[in-house]
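Residue-level structure breakdown
Here are the chains, one letter per residue:
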Amino acid sequence: MRPSFCTICFLHFLLPLVVFARPLFPLPSKTNEIERRPLQTFRPYNIAHRGSNGEIPEETTAAYLRAIEEGADFIETDILASKDGALICFHDVTLDDTTDVASRQEFSNRRRTYEVEWSNVTGWFVVDFTLEELKTLKVKQRYPFRDQQYNGKFSIITFEEFISIALDASRTVGIYPEMKDPVFINKHVKWDGGKKFEDKFVDTLLKYGYKGQYMSENWLKQPLFIQSFAPTSLVHVSKLTDSPKILLIDDFSVRTQDTNQSYWEITSDDYLAYISNYVVGLGPWKDTVVPPAKNYLMAPTDLVARAHAHNLQVHPYTYRNENQFLHLNFHQDPYAEYDFWINIMGVDGLFTDFTGSLHRYQEMISPHPKGETANSLLVKIAQMISQYEGL
Ligand SMILES: *[C@@H]1O[C@H](CO)[C@@H](O)[C@H](O)[C@H]1NC(C)=O
Ligand SMILES: *[C@@H]1O[C@H](CO)[C@@H](O)[C@H](O)[C@H]1NC(C)=O
């Protein structure tokens, strides 16, 4: 008797909802916050690497808005500093490959050679331009085989502008900023009061309310991962913020820019035990996790298993749709690559240049519950409770 009674009271409860189609229990906060869909945490994170830069020039407002539209969980960026200490979103220390600087007469005498991470680099350096000058430059697509139609249309944005894009989104979108080349930046840019690049970086996050440990209430409201290749920068910022941090790991041959450690040192079990006091995960170059030979994948290393044993997440980079980047095992199919990394390798997040492709793949394999909002969750809870009322 009991089940049928419950079914009736369940239907009885549901009927007014269908008729009035409005929430029964509005929360005591602003409507737009009630309606904001929360960050999904039930499947690996879709990390929009430099925005949707497979389609639109990297790290521009348009690239980030496109990534949000396409389903990004996090928008990813690289933070550098201008000559006058402004924090900006830009990947390379030089402006050459992704802006029109080379064609700008007024900056023709601004080319320099500096040592960057153990080698000499020549070009137009971000640190030799004020924010005002950087804002006059136009961004262009990095790769010749990608869509060139947006070249010259967008400007470099600041860290604060980037944060506003995430905070203004109609659903909860996390941010994933990198403290880029901190050794180089601290050598060339100075701030008042002896503050370092890392201090300014954290000041900016705190100013906009980013704080709290991984999965804390505050973190879920404003999700954030801080990333860096420099272990000492991550240790330094741990004293300033409890926000989750990710240690990036480069190719086998690259030594850390600050501590001059090899790949093997920073992926040893002893080191993972040490760094897990400061970070919640690793961001390795995917070809070190599963090394390729002649463009075919070889046997996977045990890095993912060892990281997980130390309670560290693994967010490899970078997934790209084009044949130039896809290993031959995947037969030119980016979905096959996502399938391998998510279902065989078991990673926890993926840096992708094509957020839309990763999102479509995940919606096929592990769909997002339809129309889930804070309100619809409340309604679900009310429905569940109502089944027990009057028993
Ligand atoms: C960079 O160039 C300078 C000046 O020529 C030289 O002294 C230095 O050793 C070079 N550094 C590297 C890493 O090659
Ligand atoms: C970094 O470490 C390597 C290997 O131990 C060493 O050869 C090199 O001189 C070191 N570089 C610096 C700048 O200390």
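Keep in mind that this is a model prediction, so the values were computed, not measured.

Calculation criteria
Per chain, residues are indexed from 1 in the order of the written sequence. Just so you know, chain letters begin at A and ligand numbers begin at 1, following the order they were written in. Only residues with pLDDT of at least 70 get local features here, since the model is predicted, and only at 80 or more are side-chain atom pairs given and counted; chain-wide, interface and lining totals rely on the full set of residues. Helix numbers and strand numbers start at the N terminus; a helix is a DSSP run of H or I with at least 4 residues, a strand a run of E with at least 2. Labels follow a simple rule on C-beta atoms placed from the backbone: if 20 or more others lie within 10 Å of a residue's own, it is buried; if 12 or fewer, it is exposed; otherwise it is partly exposed. Contact between two residues is assigned whenever their backbone-derived C-beta positions fall within 7 Å. The arc refers to the directions leading from the helix axis to the C-beta atoms. Buried Ala, Val, Leu, Ile, Met, Phe, Trp, Tyr and Cys residues whose C-beta atoms connect them within 7 Å together make up a nonpolar core. Confidence scores labelled pLDDT are given residue by residue by the predictor and lie between 0 and 100. When DSSP finds at least two bridges between two strands, those strands are taken to pair. Any residue whose C-beta atom, as set from the backbone, lies within 6 Å of a molecule or strand is reported as near that molecule or strand. Residue classes follow a fixed rule: Ala, Val, Leu, Ile, Met, Phe, Trp, Tyr, Cys and Pro count as nonpolar, while Asp, Glu, Lys and Arg count as charged, and any other residue, Gly among them, counts as polar.

Next up on the list: the overall build of the protein. In terms of regular secondary structure, the protein is built from 16 helices and 14 strands. Each of the 391 residues in the protein was classed as buried or not, and the buried ones make up 38%. In the protein, 72% of the contacts between residues at least 6 apart in sequence involve partners at least 24 apart.

This brings us to helix α3 (residues 61-70). Within α3, the full set of buried residues consists of A63, Y64, R66, A67 and I68. Summarising the contacts, the buried residues of α3 are in contact with β1 (45-48), β2 (74-81), α5 (159-167) and α15 (355-365). Backbone geometry just downstream of α3 places G71 in the positive-phi region, at approximately 110 degrees.

Within helix α14 (residues 334-344), burial applies to P334, E337, Y338 and W341. One side of α14 holds all its buried residues, which, seen down the axis, span an arc of 100 degrees. Looking at α14, the residues exposed on the side facing more than 90 degrees away from the buried face are N343 and I344. Against β14 (349-352) and α15 lie the buried residues of α14. G346 lies just past α14 and shows a positive phi near 70 degrees.

Quick look at the nonpolar core now. Ranked by size, the top nonpolar core spans 83 residues in total, and within it F74 and I75 carry the most contacts. F74 has contacts with Y45, I47, A48, G174, I175, Y176, P223 and F225, leaving out every residue within four places of it along the chain.

Overall, the prediction assigns the protein a mean pLDDT of 91, with 88% of residues at 70 or greater. Highest mean pLDDT in the protein belongs to β2 (99); lowest belongs to helix α1 (residues 2-20) (41). Throughout residues 1-31 the model reports pLDDT below 50, and contacts reaching past four residues in sequence, or to other chains, amount to 21 contacts.

Looking along a regular strand, one sees side chains alternate from face to face of the sheet. Here β2 lies mainly inside the structure; eight of its eight residues are buried. Residues F74, E76, D78 and L80 of β2 are buried on one face, and the alternating residues I75, T77, I79 and A81, pointing to the opposite face, are buried as well. Note that β1 and β2 share two bridges and pair parallel. Within the sheet, the bridge partner assigned to A48 lies in β2 and is I75. The sheet contact formed by β2 and strand β7 (residues 174-179) spans six bridges and is parallel. Looking across to β7, one finds that E76 is bridged to Y176.

This part is about the site of ligand 1. Within the structure, ligand 1 sits among E115, W118, S119 and N120. Here the residues of the shell around ligand 1 sort into one nonpolar, two polar and one charged.

Judged by which residues are buried, β14 turns out to be covered on both faces: G349 and F351 on one side and L350 and T352 on the other are all buried. Note: β1 against β14, four bridges, orientation parallel. Its bridge partner lying in β14, I47 is registered against F351.

To continue, consider the environment of H308. Relative to the assigned elements, H308 resides in helix α13 (residues 303-309). A count of 15 C-beta atoms within 10 Å places H308 in the partly exposed class. On a C-alpha basis, the gap between H308 and L282 in space is 9.9 Å, while along the polypeptide they are 26 residues apart.

Take unusual backbone geometry next. Residue T318 is reached from Y317 by a cis peptide bond, and omega for that bond is -15 degrees. Within the secondary structure, T318 is located in the loop between β13 (313-314) and α14. Phi is positive for N295, which is not a glycine, with a value near 70 degrees.

Right, let's get into the environment of I266. Relative to the helices and strands, I266 resides in helix α10 (residues 263-266). A count of 21 C-beta atoms within 10 Å places I266 in the buried class. Each C-alpha atom of the pair I266 and I249 lies 8.1 Å from the other, and the pair is 17 residues apart in sequence.

Tracing the backbone shows I175 in strand β7. Spatially, the C-alpha atom of I175 lies 8.8 Å from that of I47, the residues being 128 residues apart in sequence. Apart from residues lying up to four places away in sequence, I175 is in contact with F74, I75, I163, A166 and L224.

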